[in-house]
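Working through the structure, step by step
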Amino acid sequence: MAFCLLPAGCGQEQTFPEGSTMARIKERGVLTVGIKFDQPMFGYKDPSSGRITGFDAEMARLLAKELTGSERNIRFVETVSRERENFIEQGVVDLVIATYSITDTRARRVSFTDPYYIAGQDLLVRVGDATINGVSDLDRKTVCTATGSTSIERLRQTVPSADLEIVDAYSNCVPALVAGRVDALTTDDTILLGLLAEHRDTLRLVGKPFGREPYGMGVPKQDTAFRDYLNGLIGRWLRGGEWDRAYMATIGISGATSESAKPATRAGTGGA
Ligand code: GLU
C-alpha cells in the first residue's frame, strides 16, 4: 500500500492499541451498532430487503469499513430511544448511532462523541388541522411521542398543559395521528420528515423547530479512547466529503439541504 500514508482509506492496515475497543472489533471482524429500525432517512429496516438504510446506517458503514475493512461487517441491533443507555452499559452493542441527542443527563451514564448531526424538534399534524401552527398551539391537545426521548422532556417543559400519549417508537404515533386519536406527533424535524414521506396527502410538518438536538454516537462511559477515535473519524468525514455523500444519499433525497444540520468541526480534531 504505497499511498496509504494516513488512516483515511487504510482500513485493515491500521493497528490499534492492544486491548482497545477498536482492536477488539477489528479482531472480531464485526461491528455491532444500536440503531433505530423505524425512522426512514436515519435508521430504517426496509421490510422487503431487510437492509438497514438511512444516515445513521451510513455513518455505521463508514465506521465498519475503517475498523474491519468492509462496510458489510456489521450487525445492526434495533435500539429504541429508552434502551440506548442500557444497551451501551450492558455491552449489547459496541456503540449507539440512533438519532441520539447529546445531553448532560445521558452523559452521566455514557460517553458521547462530538456532534455528527444537528436536528431540531418540530411537529407533525394532519393536513386538515389548521389549529396547530407552532408549539404554543398544543395547549390541551393530545401529542404523541416516544419514551426515553428529549422530545418528551422538552414538550413537558414547553407546554405543560398538553396531553401526552407516550409510546415506544415514533412510528407507532403515525397511525394514531392519521386516525385522529392524537392531534400531533413531536420529535426531531428530520425524523418527522422521514415519517412524513409516506403520508404526504394526510400529514404536514409544521416547520417551526423549537429546540436544538445535536446527535452524538454513544459509547461506554469509561471508553474515552474509543470516543476519541470516533471523534477523529467524524471530523475527517465532515471535512472529507463522506458526510456530504451520506447526507445526499439519505436525507438529501427529500430535497432538504444540510446547512443547519452539518456541524462545524473543532479545530485540531479530524484524525488526519
Ligand atoms: N434526538 C432525540 C433524543 O435523542 C429524539 C429522537 C429520539 O428519540 O431518537 O431523544
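Right above here is the structure, for reference.
Rules behind the numbers
Residues numbered from 1 in each chain as written. Predicted model: local features only at pLDDT ≥ 70, side-chain atom pairs only at ≥ 80, totals over all residues. Heavy atoms only, no water. Near = heavy atom within 4 Å. Polar contact = N/O pair within 3.5 Å; in protein donor to acceptor, adjacent residues only side chain to side chain. Areas by Shrake-Rupley, 256 points an atom, 1.4 Å probe, with all protein chains shown as cover. Helix = DSSP H or I, 4+ residues; strand = E, 2+ residues; numbered from the N terminus. Nonpolar A, V, L, I, M, F, W, Y, C, P; charged D, E, K, R; others polar. Salt bridge = Lys/Arg side-chain N within 4 Å of Asp/Glu carboxyl O. Buried < 20%, exposed > 50% of the residue type's maximum accessible area, 1.4 Å probe, protein only. Axes fitted to C-alpha atoms, helices over the stretch in contact; angles between N-to-C directions. Parallel < 35°, antiparallel > 145°, perpendicular 65-115°, else oblique. Contact = heavy atoms within 4.5 Å. Pairing = 2+ DSSP bridges. Disulfide = S-S within 2.5 Å.

1. Concerning the site of the ligand
- Close to the ligand lie 17 residues; K36, S81, T99, Y170 and D188 are nearest.
- Note that an oxygen atom of the ligand is positioned 2.5 Å from one of the side-chain N or O atoms of Y170.
- Out of a free accessible area of 280 Å², the ligand has 100% covered by protein chains.
- At the level of elements, α4 (150-158), β11 (184-188) and β13 (212-215) are the ones that each hand at least two residues to the shell around the ligand.
- Per-class residue counts for the shell around the ligand are five nonpolar, seven polar and five charged.

2. Things to note about the pattern of salt bridges
- Tallying each qualifying case throughout the model produces 13 salt bridges.
- Between R82 and D168 there is a salt bridge; the shortest N-O distance is 2.8 Å. You can see R82 sitting in the loop between β5 (74-78) and α3 (84-89) and its partner D168 sitting in the loop between β10 (163-167) and α5 (173-178), a full 86 residues away along the chain.
- Across the salt bridge formed by D244 and K262, the nearest N and O atoms sit 2.9 Å from each other. Taken together, the residues span a long stretch of sequence, with D244 in helix α8 (residues 242-249) and K262 in the segment after α8 at a distance of 18 residues.
- K262 gets classed as partly exposed once you look at its relative accessible area, which sits at 27%.

3. Topic: the packing of helix α1 (residues 21-28) against helix α7 (residues 224-240)
- In contact at an axis separation of 8 Å, α1 and α7 are set at 80° when each is read in the N-to-C sense. In terms of orientation, α1 lies roughly perpendicular with respect to α7. Here α1 contributes T21, M22 and I25 to the contact with α7, which in turn contributes A225, F226 and Y229.
- Residues belonging to the contact of α1 with α7 are distributed by class as follows: five nonpolar, one polar and no charged.

4. Notes on the sheet that holds strand β3 (residues 43-45)
- Here we have three strands laid out as an open sheet, ordered β2-β3-β4, and antiparallel in their pairing. Across the chains shown, the open sheet's two edge strands, defined by having one partner strand only, are β2 (38-39) and β4 (52-53).

5. A short note on the state of the cysteines
- Under the counting rule described, the total for this entry stands at one disulfide.
- Residue pairing for C144: its cysteine sulfur links by disulfide to C173, the two sulfurs lying 2.2 Å apart. Since a negative S-S torsion denotes a left-handed disulfide, the C144-C173 link at about -80° is left-handed. A residue pair is termed long-range when its members are at least 10 positions apart, and C144 in strand β9 (residues 142-146) and C173 in helix α5 qualify at 29 residues. Comparing C144 with C173, the two get one shared label, buried.

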